[in-house]
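Fold and geometry: a report
Listed below are the residues making up each chain.
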Amino acid sequence: MILNSLQGKGKEHKIRYSHLYNFKSLKKFVDLYISEYLTQEVLAKGKTEEEYQKVKKRKDFLKEYLDECAYGDPKERDYVKTYIRQLITSSNRDDGIIVQGYPEDYIVTPENINKFLQLNKDKLTVENAWKVILSTFRKKNGRKGLSRLLERYNFNRLRVDDFDEEMFYINTDDIKEVYNSENPKIEYEDHLDILVQKIYEDYKGNGVIDELLYQDIDEVAIGVTGLVDDIMPVSSRLRDKEIKKAYDSIVVTYNGNPIHFKFLSLGSWEELERINRQLVKYEQNNQFSRKDGYLLGFGKDGSRRTAAREPFGECRAAWVRMFCIEEDENEDLVKGMDKDKPLKGWEKVIRRERLLIRGGASLPISGPQGVGKTTKMVSLLKYAYPFYSVRIIEAVFEAHLRRRYPNRNIFSVQETNDIDSTEAYNFTLRTSGNINLIGEVRKDKMTAEIIKSGNRGSEFTIFTYHPNNPDVLPIELANSLLTLGIYKSLKEALAVVFRTIQCCIQVDKDLDGNRYYNLYEFIPSSIPIDNRYQELKGYDRVEAFMDTFYTAALNLTDNSLYKTVPIVEYDDIKGYTVKNTISDSLYNRLKKGMRKKDDRIELMKVFRPEEYIKVVLEDDKLDKTAENIENIIINHNIDSFEDIKVKSLELSKIWR
């Protein structure tokens, strides 16, 4: 009788609370429980002082991390997730909290977990299938899990979408295909991890993009595609198409390519607003009102976060630009996407970039947005002398060089509401810096400071700049000086620019994600003046003088003031090819800036190879035949000659 009574009560218990065994109720339980736990006073009665302080400290930690966990610190995020995991799986909760309307034994078990989150293949939603896929790749590859997935299934390649447009995208059919291909085995612990993540991202995290923010990719954007309201378009072209809303818009940029995650959605305008606000909330004093329009912020992980709202923007939208600590080495960047088949001639670029840095060349890194200019700037610091002190001026912290080089003398400053770039620059002059790095130059004022920092107060400057064409870079720099009224003529402003900037690295990118790093030198042109008027007298002299300088003035165009000379350029067929050596002016400047003899020898070998070979051949014992010179060129790793045999024969005739 007792057994039957217990069985009856157990059955009644299951029926009474059966409606609570679903994801929505579980999420609500977590919210209610934690709220009650945080508001409940820690009682000292029955506890030692050590036990009391331990409980209080644990509660304080949880409260702090709940407020901060969405801002990019993985430790805070993991702490909250671990607490949620323990809460929903432990039947021995020792804090005495009972959530009204829920049974005391309300926990997740291997037997009931599918009621809370269904991961059986035949009942799997696209979003949950995606979570399983990403979890599988993340377990194997860590922060590179998403990039491995994108590369394995070629999602970073152009394809024609449902609108007959070439796009980068992943749709529902792609997710189904990947899931079937991977056929992941889901153990209970994996299932529980996904359930906890799903609760966390809805409760305190950043929604369905939360996991993406902890992967090594370029950027995540929301609200940038789709309709900005619920009014459907009337265009006949779109009548039979599935039209998405702005809250369905999630775009992941990887290797510079914007990949539309068409299968994923924030789900509602309310969720778009929540994530939009939360992404830029860290260390912000205002409430992101309609009056603000947009906010610029950053995350604890160093990510750059930008958000817009109505009426400034047509709808809520946000962009999170990631800057990974474990950046690729410069060699990996130059080799290209396919590490097993690197771009031909990549070594030529590396050797010359290293010499430019070792010689202290002030160096703009130019190119359009999203090509990886900041990544390139960070990677180049590898070649600077480690004992040099580095000072960084940024609009917003994004280089994070002390994370990459924790043992070097590095200090970064950023603009604030009260401190502009000029003040920041003047501050760095007092901090004994050898190298100035300046990220994302946009303002004329900052451009002027770059020119100053290259001529005083530091050994050299590296900075990123936005001109898409290297030919216009000096003009852009000079125009900033003219706009500020520092100089009156273009020629005068350019003369000052060329005292600081003699070369640049231009970054270009193709649709396959390959970056190309082309090196150029800027060589000022001299306008020849016909001085024969000086031999004349009287009116003839005056007339000849006027004719001479009128002709010179006609030649004084922007294009005549300097030449943009390619040093190394990428060719689709030949790969990276050496186009020209550098001028005597730049060569002597680099040589003067080098602290080590080996660097000066390498400089001669790369940029003055004939002189180097001549020095080697001064040894009387060496044979001066073309064959021996060819061996010298090969053995001494001289890469400047396109046809070694022809050059060897030519040199042998000179020095035989």
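Here goes a summary of the coordinates provided.

Secondary structure summary: the protein chain contains 25 helices and 17 strands in total. Expressed as a percentage of the 656 residues in the protein chain, the buried residues total 49%. Looking at the protein chain alone, contacts between residues at least 24 apart form 65% of all its contacts between residues at least 6 apart. Carbon and sulfur atoms provide 49% of the accessible area of the protein chain, an area that totals close to 34,400 Å².

Throughout the structure, instances matching the rule amount to 31 salt bridges. The salt bridge involving Asp190 is made with Lys139; its shortest N-O contact spans 2.8 Å. Of the two residues, Asp190 sits in helix 9 (residues 188-203) while Lys139 sits in helix 6 (residues 126-141), which places them 51 residues apart along the sequence. Look at Asp190 and you get buried, because its relative accessible area is 14%. Its relative accessible area of 55% is what places Lys139 among the exposed residues. A salt bridge links Lys262 to Asp161; its shortest N-O distance comes to 3.2 Å. Of this pair, Lys262 sits in the loop between strand 5 (257-261) and helix 10 (269-279) while Asp161 sits in the loop between strand 1 (159-160) and strand 2 (166-170), and the two are 101 residues apart along the sequence. Through salt bridges with shared partners, a single ionic network connects Arg77, Arg138, Asp210 and Glu211.

Pairing within the open sheet is mixed, and its 8 strands lie in the order 1-2-5-4-3-8-7-6. Looking at the sheet topology across the chains shown, the edges are occupied by strand 1 and strand 6 (294-298). In terms of strand pairing, strand 2 meets strand 5 through 3 bridges, oriented parallel. Looking at strand 5, one finds that Phe168 is bridged to Ile259. Of the strands in this sheet, strand 2, strand 4 (250-254) and strand 5 touch helix 7 (residues 145-152), which is tilted by about 85° from strand 4.

The computed volume of the second largest pocket comes to approximately 660 Å³. Every residue lining the second largest pocket is counted, 28 residues in all, and those nearest its centre are Asp161, Phe163, Glu242, Lys244 and Lys262. Counting residues per element, the ones that place at least two in the lining of the second largest pocket are strand 2, helix 8 (172-182), strand 4 and strand 5. Grouping the amino acids of the lining of the second largest pocket by side-chain chemistry returns 11 nonpolar, 6 polar and 11 charged.

This paragraph deals with the environment of Ala626. As for its position among the elements, Ala626 is in helix 24 (residues 626-635). Counting along the chain gives 25 residues from Ala626 to Leu651, while the straight-line C-alpha distance between them is 7.3 Å. Residues within four places of Ala626 in sequence aside, it is in contact with Ser648, Leu649 and Ser652.

On the surface, a cluster of negative charge is contributed by Asp162, Asp164, Glu165, Asp173 and Glu177. Looking at the secondary structure, you find Glu165 in the loop between strand 1 and strand 2. Judged by relative accessible area, which is 39%, Glu165 ranks as partly exposed.

Right, let's talk about the pairing of strand 17 (residues 575-578) for a bit. Here strand 16 (residues 562-571) runs beside strand 17; their pairing, made up of 4 bridges, is antiparallel. Residue pairing across strands places Tyr570 opposite Tyr576, the latter belonging to strand 17. Adjacent in sequence and paired antiparallel, strand 16 and strand 17 are bridged by 3 residues.

Right, let's talk about the sheet that holds strand 10 (residues 390-394) for a bit. Pairing within the open sheet is mixed, and its 9 strands lie in the order 11-10-12-13-9-14-15-16-17. Each edge of the open sheet carries a strand with a single partner, namely strand 11 (410-414) and strand 17. Between one strand axis and the next, the sheet turns by 20° as a mean value, whatever way the strands run. Bridging between strand 10 and strand 11 involves 5 bridges; their strand directions are parallel.

What follows is about the packing of helix 6 against helix 7. Close contact between helix 6 and helix 7 brings their axes to 7 Å; oriented N to C, the two are set at 110°. When the interaxial angle is binned, helix 6 and helix 7 end up roughly perpendicular. Of the two possible hands of crossing, helix 6 and helix 7 adopt the one that is right-handed. Residues Trp130, Ile133, Leu134, Phe137, Arg138 and Asn141 of helix 6 form the contact with helix 7, whose participating residues are Gly145, Leu146, Arg148, Leu149 and Arg152. A breakdown of the residues in the contact of helix 6 with helix 7 according to their chemical character gives 6 nonpolar, 2 polar and 3 charged.

So, about the packing of helix 4 (residues 74-89) against helix 9. Relative orientation of the contacting elements helix 4 and helix 9 amounts to 115°, with a least axis distance of 9 Å. In terms of crossing hand, the pair formed by helix 4 and helix 9 is right-handed. In this structure, helix 4 contributes Arg77, Val80, Lys81, Ile84, Arg85, Ile88 and Thr89 to the contact, and helix 9 contributes Tyr188, Glu189, Leu192, Asp193, Leu195, Val196, Gln197, Ile199, Tyr200 and Tyr203. Here the residues of the contact of helix 4 with helix 9 sort into 10 nonpolar, 2 polar and 5 charged.

Burial analysis of strand 7 (residues 304-308) places 4 of its 5 residues in the buried class, which makes it a mostly covered element. Both strand 6 and strand 7 contribute to a ladder of 5 bridges, which runs antiparallel. Residue Tyr294 lies in a different strand from strand 7, and its bridge partner there is Ala308. Joining the antiparallel neighbours strand 6 and strand 7 is a turn of 5 residues, in which Gly302 adopts a positive phi near 90°.

Turning to helix 17 (residues 473-483), a few remarks are in order. Residues Leu473, Pro474, Ile475, Leu477, Ala478, Ser480 and Leu481 constitute the buried set of helix 17. Gly485 sits one or two positions beyond helix 17 and adopts a positive phi of about 75°.

Taken as a whole and assessed by the stated rule, the structure comprises 28 aromatic pairs. Arranged with centres 4.3 Å apart and planes meeting at 25°, the rings of Tyr516 and Tyr570 form a pair that is stacked. Of this pair, Tyr516 sits in strand 15 (residues 515-524) while Tyr570 sits in strand 16, placing them 54 residues apart in sequence. The partly exposed category is assigned to Tyr570, whose relative accessible area is 22%. In textbook terms, an aromatic cluster arises when at least three aromatic residues are bridged by ring pairs, as seen for Tyr21, Phe29, Tyr33, Tyr102, Tyr106 and Phe116. The lysine or arginine in question, Lys59, covers the ring of Tyr37, its NZ or CZ lying 4.8 Å from the ring centre.

We now examine helix 4. Here helix 4 is 16 residues long and its end C-alpha atoms lie 22 Å apart, about the 22 Å a rise of 1.5 Å per residue gives. Within the sequence span of helix 4, burial applies to Glu76, Arg77, Val80, Lys81, Tyr83, Ile84, Leu87 and Ile88. One side of helix 4 carries all its buried residues, which in axial view fall inside an arc of 155°. Residues of helix 4 that are buried in the fold lie against helix 2 (23-39), helix 3 (49-68) and helix 9. In this structure Asp73 caps helix 4, since a side-chain oxygen of it lies 2.9 Å from the backbone nitrogen of Lys75.

Definitions and cut-offs
Residues numbered from 1 in each chain as written. Predicted model: local features only at pLDDT ≥ 70, side-chain atom pairs only at ≥ 80, totals over all residues. Heavy atoms only, no water. Helix = DSSP H or I, 4+ residues; strand = E, 2+ residues; numbered from the N terminus. Buried < 20%, exposed > 50% of the residue type's maximum accessible area, 1.4 Å probe, protein only. Contact = heavy atoms within 4.5 Å. Areas by Shrake-Rupley, 256 points an atom, 1.4 Å probe, with all protein chains shown as cover. Salt bridge = Lys/Arg side-chain N within 4 Å of Asp/Glu carboxyl O. Pairing = 2+ DSSP bridges. Axes fitted to C-alpha atoms, helices over the stretch in contact; angles between N-to-C directions. 1 Å grid on protein atoms, 1.4 Å probe; cavity = no way out; pocket = protein on both sides within 12 Å on 5 of 7 lines; lining within 4 Å. Points joined across faces, edges and corners; volume = space filled by probe spheres on them. Nonpolar A, V, L, I, M, F, W, Y, C, P; charged D, E, K, R; others polar. Patch = residues over 30% accessible without salt bridge, like charges linked within 9 Å, V, L, I, M, F, W, Y side chains within 5 Å. Lys, Arg positive; Asp, Glu negative; His and termini not counted. Charge placed at Lys NZ, Arg CZ, Asp CG, Glu CD. Parallel < 35°, antiparallel > 145°, perpendicular 65-115°, else oblique. Left-handed = near helix turned anticlockwise from the far one by under 90°. Phe/Tyr/Trp six-rings, centres within 6.5 Å; stacked < 30°, edge-to-face > 60°. Lys NZ or Arg CZ within 6 Å of the ring centre and 35° of its normal. Expected span 1.5 Å × (residues − 1). Arc of directions from axis to C-beta. Polar contact = N/O pair within 3.5 Å; in protein donor to acceptor, adjacent residues only side chain to side chain.

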